[in-house]
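So you can see what is in the structure, the chains are spelled out below.
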Amino acid sequence: MTFFTEENLELAHEIIGRYPKQRSAMIPLLHLAQEQSGWVTEEAMKQIGVLVGTSSAEVLGTCSFYEMFKRHEVGKYVVNICTTMSCALLGAEELLEHAETRLGIKAGSTTSDGLFTLEGAECQAACTEAPCLQVNYRHQYRVTPSDFDQLIDELADPNNEETPRHGVLAQIRQHIPVERSVGAVHPDLVNVPPVWIEEKKEANS
Amino acid sequence: MPDSQPNAVSVTINGTQIEAEAGELVIAAADRNGVHIPRFCYHERMSSVGMCRMCLVEVDTGRGPMLQPSCMISVTDGMIVDTESDQTKRAQEGILEFLLINHPLDCPVCDKGGECPLQDQTVAYGPGESRFIEEKRHYEKPIPISDLVHLDRERCILCDRCTRFADEVAGDPLIQFTERGNETQVLTFPNEPFSSYFSGNTVQICPVGALTAAPYRFKARPWDLEQVESTCTTCSVGCRVAVQSSRNELVRYLGVDIDPVNHGWLCDKGRFDFEAIKSPNRLETPLIRDPNDKDQLIETTWGAALAASADAIKEARSGKIGVIGGSRLTNEDAYAWAKLAGSVIGTNNVDAQLGDGLPGKVVLGLPGATIDEACSADTVLVIGPDLKEELPILHLRLRGAAKKKKVKVVEITPLQTGVSSYAHRSIVCRSGEAAKTLKSLLTSDDELSQEIRSGSVVVILGRSSLAESALPAIEVASVITEELPKAKFLVALRRGNVRGAIDMGLSPGLLPGRVPLENPNDEIKKIWAKVPTVEGLDTAGMLRAAADGQLDVLILVGADPLVDFPDQDLANRGLRGAKFVVAIDNFPTLSVANADVVLPATAYGEKGGTTTNIEGRVSRLAQLVTSPSAARDDWMIASELAWRLGGDLKFSSMEEIWSEIEQVAPSHNGITLEKIWADETRDGILITETSIQLAIEPSGETPVVDGYGLRLISGRKLYDAGTQTSNCASLSALAQDAELRVNPTELERLGIQDGSEVTIISTKATGVAIAIADESIPRGTAVLPFNNPGIRANLFINSELPVTDIRIETR
Amino acid sequence: MTELGIPIPHAPGFIANKTPRIVTSRFDYEDSFTIERYEETGGYQGLRTALSKTPEAVHGEVRDASLLGRGGAGFPAGVKWGFCPPGVWPRYLVVNGDESEPGTYKDRLLMELDPHQLIEGCLIACYAIGLSQCFLYVRGEMAVAQERIAQALNEAYAAGYIGKNILGTELSVDIVLHWGAGAYVVGEETALIESLEGNRGMPRLKPPYFPASIGLYGQPTIVNNVETLSNLPWILSNGSEAFKAIGTETSPGTRMVAVSGHVKRPGVYEIVNGTTTFRDLIYGETMCGGIRNDAALKAFVPGGGSAPWFTADQLDLPFEASQVGPEGSMLGSGAIMVMDETTDIPAAALTLTKFYAHESCGKCVPCREGGTWLEQIMRRVVNGSGTKRDLDLLIEVGETICPGDFPHASNKEKGLSAVPFPYKMTTICFVGPSAFAPVHSALTLFREEFEAKVAGNSDRNYVEVTINA
Ligand SMILES: Cc1cc2nc3c(=O)[nH]c(=O)nc-3n(C[C@H](O)[C@H](O)[C@H](O)COP(=O)(O)O)c2cc1C
Ligand code: SF4
Ligand code: FES
């Protein structure tokens, strides 16, 4: 039942504390779980259920809805090649084919060395920079086949530290200093306007 | 803007003007006016999700006709609805075409075939041909999602009914939509099955054959079924059911939606436990003690068995006869037995309860509340057994009301229950001391106390633990009458027709029709040969008397005191102490094995009549099949015994019994069988009248605690080693082995390993159980289920004390 | 400062032009996202101005500015704010940073390059209408945006701009960074709320039509787009009059538009709302500079993947909803995708249909089943195995999702007249119809290309549905 490391568990509690209802922390905690092990394990879902007060089935329901959560092991680098219109107009299909040849795998699978998982993906909000791709959700723009080969070489280099492994999303975390924090309150416990609104009302009347 | 009729709006549906209630959904308004709008996801007892889009109709609110899902939009004044326009029909046809493109169309092998909304609506509204030429979605064919339910995802149309039910109604969100879009599917979490007490409802509300009930799969085709509406008697909630049979065999129960009781839902025990009647263990012929081998029961004839019983009764000293049981009976059976005991045998030693309820006078004397009243009171105080385990549909109703914020549930309980999850406040008290806790709550300046006092209150009252005597519950009633004089009570008695049996006089001190022994009415004096005047013994009293040689004959009418009476030691001594024991039953129970004569009785579904639920609601019981064996109806057995005792009960049919009840029982005057059985009387008939005046004297006794002891708490589980459950193929495996649950700190203190065997020691017995550390159990207590496989709690309970304390030791 | 027209390194795409710059004013600085740069360039002045007024006055200023929502629906922000039912508390702010509409690329730029501007906008909104907590929902697949926002939030908390007693006033608001996890439909505001509550991101039923009445946790909730909120600091600093001086009366201010596809300089441009035309954008010298290789324009999608397509006939329409709608399309999320004469139209349409079928949440039958079916039929048409009957089937399947006439651009040569946007639909949200929009546009405008693909293939017979047991 203990999936999270002590450090992550502490973080998990901090995250839960930011929301008026703990269930809202479900997706952030799934990200945290994925950060810890690269993908989301059953143990992780179970513990998240306990942490946010839902059944494991509900965690699975939410987890499986979202593309980014992987419920089986994936490569160190997940390479998503955009295949939606703007990229398609400018050669996404060719790029994906090239990637399949270069990595020797079909989209949707992982190289045998466990380094790369290749996926055809949908629009990545970089349409003007087509064709584009993401490595662990970090963009690469206007990627030519040779750019792609170079990128793969760089990533395959064990000394490469620029792109963190799959699961690690933002490397800078939000931290709300205790002394500045207003604090989340369950909505059932509030039924008056915030002070600055009340104040002004009194001033008006 | 005050309006003359603020809640009424006028709507035109298919050209006809109707009155609807403001806020009512279009589909519901149409339903009420006999216009059927096809639908899959909409269910009147759950929130709308608008997923299937099958209910699209053309709606004009002044801006021209527009297709709108009728399960999502509310009526507004002047709205014009067309459920048959070309647009509507095209939409319906289109949606059905979409639903069918991935549907396997395996109707011939599908349980739902013949009663399938998808099938029916396809015939009525669907396209004639499929333009879909691709490969359909494929999934592994039926996968079990629990012991009782199978899921075929290929047939599923993702209407969200089962998942919504699990989450919204049952509170067991164990089935969920998973994946997304075209790959969406219903699933459970790996290794966490849909083990909800209410899982069978999902099968019933599934609009296709995606969910099937393991006990019913491939058993019958709908067109072969005969169906009668009846009442479930598994517990005393009395849910309305449609009982279906095929070739003289019960095959299925369906919940019927009635407002005051079950809203269409059933618990799985009620839904599936009819299997027991087909059990090969059923008693089929009368048995009698072998004169050559006193340890053996041998088959005999009805004549011989009845004669032996009558002889024993005749030989008994006057007044030294007792009748235990009655909750398995119909009202008619119960009346026949009450009459036999009172009018023929001349005793008031009758008790339908097995020392596990509250005195009959308390049950009938407290101001009564209905389930609906409980679900709409400002506060519901729950002080009694775990409703989820014992009265599951009452739990469901209460949960629904609490979730919709219609009631505030306050629970006073010795341990966490199924109610705790939706209680506004769960107050943990020491077992046996609820009255004290309640009193201090009500007299404190806690905000809650003010809230309770300022609104309407219904108390759901019963025995929180069978290791407590009835006293603590009676003390609660006395605190309530003192502090909250306007409060009403719903007495949480569990057994099937226990309330009806008490109404019929199977309770010491009472006569049929909620009449005290002291004030017999004229009718009974006219009709009964004699009317008892001396208050008889209750079950505990009879057992004690028998043990002391003060009772000669014990008649067990569907009663198994060795298993169900809280104090097995006393029950044992009672049965042995009696000179002669007659047992009338469906199954060879432990007590039956100790009887001198055993008479097989017909079971539920094999006999008709009426039954009464916890509220006092009388409703019909239907006969659907005939008993394959020599079993007889309980009232017939009473009649024959009377005759052999030189009396005459003077009725020869169930109908005649009822008309006598109607005359004799003042509370039931004017309530004819025709009325109860009428098709319009789906809700049954609620009887509130009572002539019992209750005077509760608080005992002021506080249980003494042994400093070293753990207080024993014992309640029943829905699935236990009870006769009915253990004779159902599908349910018997669901009863979990009995374990002793104790707070981990107690185990630590005693140096006991979690999961190890311990010796339980009480003043009554010593026994062995596995001890489990459980954080949720309050310190100082130990919890043992009353009757689960392994070890029974009634071994240890001393029914003479208000509470039972035990010691545990490592082995 | 970087040169005009040269994309900057971190988040390429933005191309400056001569338009007044309201939301992109800091994009030329390498360190645009830092608090130092922000404060140096007038940052948090809008908030100070707001705090010196009453909340009602701030709300009034925003209402006067007629700031239209930039998330797609174009609803005036100030009016939407007014939908919060009085006396119901608490109220929440949810920032829609889930940008995923095909072709749309602007919110990510705003989040990566000027996160403080967004934060300031959030605070102004919270102050104006008493929103007691703000959730900044950022699309999951935007790691850099999340980092920039996290960094900016940390800086702003430390500097006293967020949290308890902001700038020493009574305003106390937490802003919580929340991540998405990859689901386009979550951009729909009620799905966004579901997702933020920890659920599957499935849109909620309407009514209520706005979460302003019942939203997050059932409470009044304002959902605004990143770009919408990013306008607020400027409006408060410069006043609504100055804002309205740019653009037209019904579409004031500027807006960010991403132009992608076959143009010479694909990029994100801040343009004058209401007056700039599609021609200005696609052919303008300071903007896209024309079609690549000076080829002819075949078609363009004017407002994100869901929008019915336009052709050269509509080039002179301005960025003004009241003119684009009657022509049969919408401005949507400010995304233009341009197709030149070499484009394989059915194949291009398929990429969008595939997108929406894939992104269906699965709730509505027409979207879940119909979307995928459309994709399947389109696939066989595109790969040459379709039949003529399939072309009619595409429309018929579409009509179950969108009954009645579907909007399209008038193509007068073909004797068609435009059907105005919006359309009727049998689904809860626009994802279902969006799968049909490209199919319908492509088929109406370029039927001959479809016919060429299916030429010579003979029709298949349909099978009877047998449901008898
Ligand atoms: C399918 C769908 C997807 C949407 N995606 C987005 C989105 O990614 N970002 C966004 O801001 N609004 C999106 N919207 C619009 C939102 O529902 C909502 O109207 C908007 O966030 C409101 O903000 P605004 O008033 O500031 O524009 C989407 C709407 C639909 C129906
Ligand atoms: S239209 Fe599609 S995406 Fe939108 S709610 Fe319905 S199923 Fe979900
Ligand atoms: S019944 Fe209305 S959408 Fe399903």
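Student: Can you walk me through the overall build of chain A in this structure?
Tutor: Along its length, chain A carries eight helices and four strands. Secondary structure elements in chain A, listed N-terminal to C-terminal, are α-α-α-α-β-α-α-β-β-β-α-α. Computed over the C-alpha atoms, the radius of gyration of chain A is 21 Å, more than 25% above the 17 Å expected from 2.2 N^0.38 for a compact globule of 205 residues. Taken along its principal axes, the extent of the C-alpha atoms in chain A is 70 × 45 × 30 Å. For chain A, the proportion of its 205 residues judged to be buried stands at 58%. Residue pairs at least 24 apart in sequence account for 69% of intrachain contacts in chain A once pairs closer than 6 positions are excluded.

Student: Quick question: what am I supposed to make of the confidence of the model for chain A here?
Tutor: One rule of thumb: low pLDDT means the predicted coordinates there are not for detailed reading. Within chain A, residue pLDDT values average 94, and 96% of them lie at 70 or more. Between residues 199-205 of chain A, whose pLDDT stays under 50, and residues either more than four places distant or in other chains, the model counts seven contacts.

Student: What am I meant to see in the site of ligand 1 here?
Tutor: Residue and element names in this part refer to chain C. Around ligand 1, 18 residues are found, and the nearest of them are Gly71, Lys80, Asn224, Asn225 and Thr228. For ligand 1, an oxygen atom lies 3.2 Å from a polar atom in the backbone of Arg70. Contacts to ligand 1 include Gly187, whose backbone N or O atom sits 3.3 Å from a nitrogen atom. Per-element accounting of the shell around ligand 1 gives the leading share, three residues, to strand S4 (residues 221-225). For the shell around ligand 1, the per-class residue count stands at four nonpolar, eight polar and six charged.

Student: I would appreciate a short explanation of the packing of aromatic side chains in the present structure.
Tutor: Where two aromatic rings form a pair, the distance of their centres and the angle of their planes describe that pair. Per the stated rule, a full pass over the model turns up 33 aromatic pairs over all chains. Ring centres of C:Tyr184 and C:Phe355 lie 5.0 Å apart, and the angle between their planes is 70°; this geometry places the pair in the edge-to-face category. Taken together, the residues C:Tyr184 in the loop between strand S3 (174-179) and helix H8 (189-196) and C:Phe355 in helix H13 (residues 345-359) connect sequence positions 171 residues apart. Every member of this aromatic cluster is reached through a ring pair, and the members are C:Phe406, C:Phe421, C:Tyr423, C:Phe430 and C:Phe436. Positioned above the aromatic ring of B:Tyr197, the side-chain terminus of B:Lys388 is 5.8 Å from the ring centre. The ring of C:Phe33 is capped by C:Arg148, whose NZ or CZ atom sits 3.7 Å from the centre of that ring.

Student: Hey, could you run me through the domain arrangement of chain A in this one?
Tutor: Note on interface size: it is often stated as the accessible area lost on association of the parts. Along its sequence, chain A is organised into domain 1 (1-72 + 175-205) and domain 2 (77-156). Taking only C-alpha atoms, the centre of domain 1 of chain A and the centre of domain 2 of chain A are 32 Å apart.

Student: Can you help me understand the interface of chain C and chain A in this one?
Tutor: Every contact between the two is made by 96 residues of chain C and, on the other side, 68 residues of chain A. Interface of chain C and chain A: buried area, both sides summed, is about 6300 Å²; carbon and sulfur atoms make up 60% of it. If you look at where chain C meets chain A, you find two salt bridges. The interface formed by chain C and chain A contains 35 residue pairs in polar contact (both at pLDDT 80 or more).

Student: Is there a simple way to think about the packing of helix H2 (residues 86-101) of chain B against helix H3 (residues 117-125) of chain B in this case?
Tutor: Residue and element names in this part refer to chain B. Their axes nearest at 10 Å, the elements H2 and H3 cross at an angle of 135°. Looking at the two axes, H2 sits oblique to H3. For the crossing formed where H2 meets H3, the hand is left-handed. Facing H2, whose interface residues are Gln92, Glu93, Leu96, Leu99 and Leu100, H3 presents Leu118, Gln121, Thr122 and Tyr125. Residue classes in the contact of H2 with H3 are distributed as five nonpolar, three polar and one charged.

Student: What is the right way to look at the site of ligand 2 in this model?
Tutor: Taken together, 13 residues are adjacent to ligand 2, and C:Cys361, C:Lys363, C:Cys364, C:Cys367 and C:Cys429 come closest. Along the lines of polarity and charge, the residues of the shell around ligand 2 split into eight nonpolar, four polar and one charged.

Student: How should helix H22 (residues 634-644) of chain B be read in this particular structure?
Tutor: Note on helix geometry: an α-helix contains 3.6 residues per turn, so any two residues three or four positions apart are oriented the same way. Residue and element names in this part refer to chain B. Buried within H22 are the following residues: Asp634, Trp635, Ile637, Ala638, Ser639, Leu641 and Ala642. The elements touched by buried residues of H22 are helix H7 (302-315), helix H8 (331-345), strand S26 (553-557), strand S27 (580-585), strand S28 (597-600) and helix H23 (654-664). Where H22 terminates, the next one or two residues include Gly646, which has phi positive at roughly 90°.

Student: Honestly, the packing of helix H6 (residues 92-103) of chain A against helix H7 (residues 145-156) of chain A in this entry has me stumped. Any pointers?
Tutor: All names here are of chain A. It is at 10 Å that the axes of H6 and H7 come closest, and there the two elements cross at 40°. Taken together, the axis directions place H6 and H7 in an arrangement best described as oblique. Along this stretch, H6 crosses H7, giving a crossing that reads as right-handed. Contacts between H6 and H7 pair Leu95, His98, Ala99, Arg102 and Leu103 from the former with Pro145, Phe148, Asp149, Ile152 and Asp153 from the latter. Residue composition of the contact of H6 with H7, by class: six nonpolar, one polar and three charged.

Student: What am I meant to see in empty space enclosed by the protein here?
Tutor: To find leftover empty space, a probe the size of one water molecule is rolled over the atoms. Residue and element names in this part refer to chain B. Tallying each qualifying case throughout the model produces 18 cavities of 30 Å³ or more. The space that makes up the largest cavity amounts to roughly 180 Å³. If you trace the largest cavity, you find 15 residues lining it, with Asp356, Gly357, Glu390, Leu493 and Arg494 closest to the centre. Considering only residue class, the lining of the largest cavity consists of six nonpolar, three polar and six charged. Looking at the lining of the largest cavity, you find at least three residues from each of domain 2 (287-357 + 497-686) and domain 3 (361-491).

Conventions used here
- All residue numbers here refer to positions counted from 1 along the written sequence of the relevant chain.
- Chains carry letters from A onward and ligands carry numbers from 1 onward, assigned in written order.
- The predicted nature of this model means local features are confined to residues of pLDDT at least 70 and side-chain atom pairs, given and counted, to a pLDDT of 80 or more, with totals for whole chains, interfaces and linings taken over all residues.
- Heavy atoms from the whole structure form the basis of all side-chain values; hydrogens and water molecules are not counted.
- Elements are defined by DSSP. Helices are runs of H or I of four residues or more, strands are runs of E of two residues or more, and each kind is numbered from the N terminus.
- Only C-alpha atoms enter the radius of gyration; for comparison, a globular chain is expected to reach 2.2 Å times N to the power 0.38, where N is the number of residues.
- For each residue, the accessible area found with a 1.4 Å probe, counting protein chains only, is set against the maximum for its type, and the residue is called buried under 20%, exposed over 50%, and partly exposed in between.
- Whether two residues are in contact is decided by their heavy atoms, any of which lying within 4.5 Å being enough.
- The score called pLDDT rates the predictor's confidence residue by residue, from a low of 0 to a high of 100.
- Only heavy atoms are used to decide nearness, and a residue is near a molecule or strand if one of them lies within 4 Å of it.
- As used in this structure description, the phrase polar contact means that two N or O atoms lie within 3.5 Å; if the pair is within protein, one of them must be able to donate a hydrogen and the other to accept it, and residues adjacent in sequence are counted only when both atoms belong to side chains.
- When residues are grouped by polarity, Ala, Val, Leu, Ile, Met, Phe, Trp, Tyr, Cys and Pro land in nonpolar, Asp, Glu, Lys and Arg in charged, and all others, Gly among them, in polar.
- Each aromatic pair joins two rings of Phe, Tyr and Trp (for Trp, the six-membered one) with centres within 6.5 Å, and gets the label stacked for planes under 30 degrees apart, edge-to-face for over 60, and tilted for any other angle.
- Here, over-ring charges are defined by two tests on the NZ atom of lysine or the CZ atom of arginine: distance to the ring centre within 6 Å, and angle to the ring normal within 35 degrees.
- As annotated, the domain borders come from an automatic or database domain assignment.
- A 1.4 Å probe defines the accessible area here, and the buried area is the portion of it lost by two parts on being joined, summed over both.
- Each salt bridge in this description consists of a side-chain nitrogen of Lys or Arg and a carboxyl oxygen of Asp or Glu lying within 4 Å of one another.
- Interaxial angle, 0 to 180 degrees, is taken between N-to-C directions of lines fitted to C-alpha atoms, where a helix line uses only the stretch in contact.
- Working definition: roughly parallel below 35 degrees, roughly antiparallel above 145 degrees, roughly perpendicular at 65 to 115 degrees, and oblique for all remaining angles.
- Should the near helix be turned counterclockwise from the far one by less than a right angle, the crossing is left-handed, whereas a clockwise turn marks it as right-handed.
- Each cavity reported here is a set of points on a 1 Å grid over the protein atoms alone in which a 1.4 Å probe fits but cannot get out, each pocket an open set with protein on both sides within 12 Å along at least five of seven lines, and each lining residue one with an atom within 4 Å of a point.
- Grid points are joined across faces, edges and corners, and a volume is the space filled by probe spheres set on the points.

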